[in-house]
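Report on the structure
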Amino acid sequence: MSSENSVGVVAAQRVRFASPLLLKSGAELPGFELVFETYGTLNAAQSNAVLVCHALSGSHHIAGHYADDPENVGWWDNLVGPGKPLDTRKFFVVGVNNLGGCYGSTGPLSVNPATGRRYGADFPMVTVEDWVAAQARLADHLGIATWAAVVGGSLGGMQALAWSIQLPQRIRHALVIASAPKLSAQNIAFNEVARQAIVSDPDFHAGHYAENGVIPTRGLRLARMVGHITYLSDSQMGEKFGRQLRHGAHNFSYDVDFEIESYLRYQGDKFARFFDANTYLMMTKALDYFDPAYEYDGNLAAALARAQASFFVASFSTDWRFAPARSREIVFALLHNRLRVAYAEIECDAGHDSFLLDDPHYHSLLRAYLENISV
Amino acid sequence: MTEHERRVKAEQRERFDFAVIAGWIPPGERVLDLGCGDGRLLRYLSETRDVSGYGVEIDGDSVLGCIRNGVDVIQMDIECGLSGFEDKSFDHVIISQALQTMLATEGTLNEMLRVADEAVVSFPNFAYRSNRAAIAAGRMPVSEDLPYDWFDTPNVRFFTIADFEDLCARLGIQIRERLAFDEAGREVSDDPNLNGSLAFYRLGRAT
């Protein structure tokens, strides 16, 4: 069930966009659907809308729960609700499942109108910039000319950053949390291991597993396991699991000996049951390709020259996936452009996943920043 | 003195400090405030001088205070320098009563004059008359501008007007202006190293 101050029962909505969308890769989607949820009320001036962008495995279901599925609580429910830092009494909050996702928006699981069969591996590669373009169509549909804020953690933060560059007149504040201006070689390396785990699964069938009636669960499971390691900190993993043994003794076998093994297997199994492998591949590529400075000879400040928004940037001390130094790159590029920015480096033990937790100081910072946004 | 009186006095003192610093900041400037606390100096400067300012602060609660005050702040440790800040990217860089809390005194002064054309520095003068009297009586001074007991002071460097000016000379830093005030807030011109409790400097590089 949802927590205190929950937005309560929510329902997803769906919108179809009939006109084609030209993607960054050069491919074109003939039309597409997005599923989304909204919380709070759009004011008459349409000045209180906040877009929350999801990260790799997130969805449009940010807050509240479903009438027929009360256990399915939104992934950022601790942030969004009446009286919460992203206060739905003040803001009209929008969550959307990104293009290519597997929670109902057009993606690899959808039927390709050209063939009458599921897209599968034929779904075109989409990028962070394509997501922003699709989200802008949703904003048009909802009558939102300008977002009061675009908020996101990790890959979601990259979307907030991309909004500020791509559609600078349509975003007043960008909240970029536990994010980075581009992936490092190490980040890409972890993504590649995850992808290879999936594509080398015999059930992958070059991405057309659905037609073959199977799911590459072993690959997905491995992909999630390796990803999960990068979301946690060494210290937190040590604290939570240490070298605790599952059965109290060394078994001298390849079954689960250590608790951490059991935990990773559990996380992997859980994920492989519901997440689509093609979406996972595509999301990791979207991460890899994201680099607004790429077209400016690697100069992030030049890429941000078009931005006009005010920024809140936050990083977490134990996040080694997108370490604080990565956020500082963003901060100094903003400073170069004389943009407004507040940057907090938050002491938190939980690594990259800290952005999803409700650390009191972290939430106080978000609350303070969001309270000062005029609507 | 009651707690309320103490607070009122501290606020008056603070306003006085702010006014001295603001007197050196032309309107509309781009300002960086090191060790900015909850951003109240920057807020004052933006209200009275229409500056666009950023603060730098290491303490998390102070950063939260800045955000509450609507002040742009960057959480980082200035002991490690100001790398990331571009050369001459500010008109003024300020360090208001925070230099004495830092170990990297020389590095900080050099970095300040790298990122800005001019630096404004204020600090408590350890050689102020009443501080000398305390030492002469065998005690660490506790005064208006050094309000901490020795065991819980955030200050790590204890220096005087004369010491500071020696260091500036050694670092090739030009003292463009100095103001010193006694504990009552009166400007002193006669022997400031003895009669000044709080010192303010405008610093630059000789051009």
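Residues numbered from 1 in each chain as written. Chains lettered and ligands numbered in written order. Predicted model: local features only at pLDDT ≥ 70, side-chain atom pairs only at ≥ 80, totals over all residues. Heavy atoms only, no water.

Moving on: the UniProt feature "active site" (unreviewed entry) in chain A. All names here are of chain A. According to UniProt, the feature "active site" (unreviewed entry) maps to Ser-154, Asp-319 and His-352 in the numbering used here. Across 199 residues of sequence, these annotated residues stay compact in space, with a maximum C-alpha separation of 10.6 Å. Among the secondary structure elements, Asp-319 is positioned in the loop between strand 13 (310-316) and helix 9 (324-336). Excluding its chain neighbours within four sequence positions, the residues that come into contact with Asp-319 are Ala-178, Pro-324, Gly-351 and His-352. A distance of 3.0 Å separates a polar atom in the side chain of Asp-319 from the backbone nitrogen of Arg-321. (UniProt positions renumbered as here; feature names shortened; annotations may be inferred. Helix = DSSP H or I, 4+ residues; strand = E, 2+ residues; numbered from the N terminus. Contact = heavy atoms within 4.5 Å. Polar contact = N/O pair within 3.5 Å; in protein donor to acceptor, adjacent residues only side chain to side chain.)

A separate point is the nonpolar core. Nonpolar side chains in soluble globular proteins tend to be buried together. Ile-177 and Phe-311 of chain A together with Phe-85 of chain B are the most contacted members of the largest nonpolar core, which totals 176 residues. It is helix 1 (residues 128-142) of chain A that provides the largest number of residues to this core, a total of eight residues. When residues of this core are sorted by domain, at least three fall in each of domain 1 (13-182 + 291-372) and domain 2 (187-284) of chain A. If we skip the residues at most four places from it in the chain, Ile-177 of chain A touches Trp-76, Val-151, Gly-152, Gly-153, Ser-154, Gly-157, Phe-312, Ala-314, Phe-316, Phe-355, Tyr-362 and Leu-366 of chain A. Leu-232, Phe-241, Ile-260 and Leu-264 of chain A belong to the second largest nonpolar core, which has seven residues in total. (Core = buried A, V, L, I, M, F, W, Y, C linked by side-chain atoms within 4.5 Å. Buried < 20%, exposed > 50% of the residue type's maximum accessible area, 1.4 Å probe, protein only. Domains from an automatic or database assignment.)

What follows is about the packing of aromatic side chains. If you walk through the whole model with that rule in mind, you get 30 aromatic pairs over all chains. Measuring from centroid to centroid gives 4.7 Å for Phe-271 of chain A and Phe-275 of chain A, while their planes differ by 20°, and the two rings are stacked. Phe-275 of chain A shares its class with Phe-271 of chain A; the two are buried. Aromatic side chains Phe-164 of chain B and Tyr-201 of chain B sit 4.9 Å apart centroid to centroid with 50° between the ring planes, which places their arrangement in the tilted category. One end of the pair, Phe-164 of chain B, is in helix 6 (residues 161-170); the other, Tyr-201 of chain B, is in strand 7 (residues 198-205), and 37 residues separate them in sequence. Note on Tyr-201 of chain B: relative accessible area 0%, which makes it buried. Each residue in the set Tyr-103, Phe-271, Phe-274, Phe-275 and Tyr-280 of chain A is aromatic and connected to the rest through ring pairs, giving one cluster. In this structure, Arg-321 of chain A is placed above the aromatic ring of Phe-322 of chain A, and the distance from its NZ or CZ to the ring centre is 5.4 Å. (Phe/Tyr/Trp six-rings, centres within 6.5 Å; stacked < 30°, edge-to-face > 60°. Lys NZ or Arg CZ within 6 Å of the ring centre and 35° of its normal.)

Residues spaced three or four apart along an α-helix face the same direction, because each turn holds 3.6 residues. Relative to the 22 Å expected for 16 residues at 1.5 Å per residue, helix 6 (residues 259-274) of chain A spans 24 Å between its end C-alpha atoms, a close match to the ideal helical length. Where helix 6 of chain A is buried, its residues meet helix 4 (217-231), helix 5 (234-240) and helix 7 (277-289) of chain A. (Expected span 1.5 Å × (residues − 1).)

All names here are of chain A. Following the UniProt record, one finds the feature "site: Important for acyl-CoA specificity" (unreviewed entry) at Arg-321. For Arg-321, the location among the structural elements is in the loop between strand 13 and helix 9. Among all residues touching Arg-321, those that are not within four sequence positions of it are Asn-187, Asn-191, Thr-230, Tyr-231, Leu-287 and His-352.

Moving on to the domain arrangement of chain A. All names here are of chain A. As assigned here, chain A comprises domain 1 (13-182 + 291-372) and domain 2 (187-284). Computed from C-alpha coordinates alone, the two centres of domain 1 and domain 2 are separated by 25 Å. Taken together, the 32 residues of domain 1 in the interface contact 27 residues of domain 2. Summing both sides of the interface, domain 1 and domain 2 together bury roughly 2,400 Å²; the carbon and sulfur share of this comes to 58%. Summed over the three residues of domain 1 that lose the most area to domain 2, namely Leu-56, Trp-320 and Arg-321, the buried surface amounts to 28% of that side. Put simply, domain 1 and domain 2 have one salt bridge between them. (Buried area = accessible area lost by both parts, 1.4 Å probe. Salt bridge = Lys/Arg side-chain N within 4 Å of Asp/Glu carboxyl O.)

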